[in-house]
Amino acid sequence: MALTVLGAAPALAAGYRYWSFWDGTNGSWTYATQGASQVRPKDGSVQGFRFGVGQDAADDSVKPRAGADFGAVCSGTAAVEGRKRVALVIDFGVPADGPSGETPPRDTPRTACAVVAPDATAADALAEVAKPLRYNSAALLCAISGYPKQGCGDQVAPAEPKPSAAASTSASAASSSADGSGGGPSVGLLAGIAAVIALAAAAFWQSRPRAR
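The rules behind each value
- Residues numbered from 1 in each chain as written.
- Predicted model: local features only at pLDDT ≥ 70, side-chain atom pairs only at ≥ 80, totals over all residues.
- Heavy atoms only, no water.
- Helix = DSSP H or I, 4+ residues; strand = E, 2+ residues; numbered from the N terminus.
- Polar contact = N/O pair within 3.5 Å; in protein donor to acceptor, adjacent residues only side chain to side chain.
- Contact = heavy atoms within 4.5 Å.
- Salt bridge = Lys/Arg side-chain N within 4 Å of Asp/Glu carboxyl O.
- Buried < 20%, exposed > 50% of the residue type's maximum accessible area, 1.4 Å probe, protein only.
- Core = buried A, V, L, I, M, F, W, Y, C linked by side-chain atoms within 4.5 Å.
- Pairing = 2+ DSSP bridges.
- pLDDT = per-residue confidence, 0-100.
- Disulfide = S-S within 2.5 Å.

Colleague: Let's hear about the side chain of S20: which residues, and what values?
Modeller: In this structure, S20 sits in strand β1 (residues 15–25). Side chain to side chain, S20 and W22 meet in a polar contact 2.8 Å long. Excluding anything up to four places from it in sequence, S20 contacts Y31, G48, F49, R50 and V62.

Take a look at the structure:
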């Protein structure tokens, strides 16, 4: 039984540590299908960036932790003729997701209203408010405002899960049964039962009428 429980456990999937890019609409986030350097947001758009560890590109665990609300971000920034306003939500993630020895520069997401040229990309808007940015040779965004200082899309080994209480109990019972020290019948108890059976059998044979 213990082997069956352990064998049925799902395989652990590796994750990746990266900056994800999101499109905001009506307060919610959708994973962007294009990179920030390709998307040219319209005036009034909301773009989100989140640093974290996820198992796939659109993992919900790496969504920005603030709402996609243009008004909340840009209401205090006046519109400028010939320019567009893009609301940005930049979430540096949680300490547990950061590279070893590095801590997110802030605990809560940062918001900023970028005022950029009409043809500016989301990457241009980000560079307007959150330098320095770091990219790798494949144009993958590696760092925003200098975080993190190293690494880019690194694979993260999955943590070994602790065995469940049921699995631990099954394993313990199996082990105890093997050495006679657990909740099952002990060697001494089995020997006692055998002795009682033997005495009962002897009494039975003595009580039988003897043949004449």
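Colleague: Explain the pattern of salt bridges residue by residue, including any values.
Modeller: In this structure the tally under the stated criterion is two salt bridges. Among the salt bridges present, the one from D91 reaches R50, with a minimum N-O distance of 3.8 Å. Taken together, the positions of D91 in strand β4 (residues 84–91) and R50 in strand β3 (residues 45–54) put the pair 41 residues apart, joining distant regions of the chain. R50 sits in the buried class, given a relative accessible area of 5%. Across the salt bridge formed by D91 and R65, the nearest N and O atoms sit 2.8 Å from each other. Of this pair, D91 sits in strand β4 while R65 sits in the loop between β3 and α2 (70–74), placing them 26 residues apart in sequence. Salt bridges here are not isolated pairs; linked through shared partners, they connect R50, R65 and D91.

Colleague: Got a sec to walk through the nonpolar core? Specific residues and values, please.
Modeller: Membership of the largest hydrophobic core comes to 24 residues, with the highest contact counts inside it found for W19, F21, F49, L88, I90, L126 and I144. Elements supplying a minimum of two residues to this core: β1, β3, β4, β5 (110–116) and α3 (122–129). With five residues, α3 is the largest single contributor of residues to this core. When residues no more than four places from it in sequence are discounted, the contact partners of I90 are W19, F49, P109, R110, L126, A130 and I144.

Colleague: How would you summarise the pairing of β5 if you had to cite specific residues and measurements?
Modeller: Extensive coverage of β5 is indicated by the burial of five of its seven residues. Looking at chain direction, β4 and β5 are connected through seven bridges and run antiparallel. Of the residues in β5, the one forming a bridge with L88 is A112.

Colleague: Tell me about the confidence of the model for the protein chain, residues and numbers included.
Modeller: Taken over all residues, the pLDDT of the protein chain has a mean of 79, while the share at 70 or more is 67%. Confidence over residues 1–12 falls short of pLDDT 50; this stretch has eight contacts with residues more than four positions distant or in other chains. Between residues 164–212, whose pLDDT stays under 50, and residues either more than four places distant or in other chains, the model counts ten contacts.

Colleague: Tell me what's going on with the state of the cysteines, and back it up with residues and numbers.
Modeller: Under the counting rule described, the total for this entry stands at two disulfides. Sulfur-sulfur distance for the disulfide between C74 and C113 comes to 2.1 Å. Where C74 bonds to C113 through sulfur, the torsion about that S-S bond is close to 110°, and the disulfide is right-handed. Of this pair, C74 sits in helix α2 while C113 sits in strand β5, placing them 39 residues apart in sequence. Here C74 matches C113 in class, with each residue buried. A sulfur-sulfur distance of 2.0 Å marks the disulfide that ties C142 to C152. Disulfide C142-C152: torsion about the S-S bond near -75°, hence left-handed. On the criterion of sequence distance, the pair formed by C142 in strand β7 (residues 141–143) and C152 in the loop between β7 and β8 (154–156) is long-range, its members being ten residues apart.

Colleague: Help me get a handle on unusual backbone geometry, residues and values and all.
Modeller: Cis rather than trans, the peptide bond between K131 and P132 has omega equal to 0°. Of note, P132 is situated in the loop between α3 and β6 (134–135). Here the bond from Y147 into P148 is cis, since omega is -5°, no more than 30 degrees from zero. Assignment of secondary structure puts P148 in the loop between β7 and β8.

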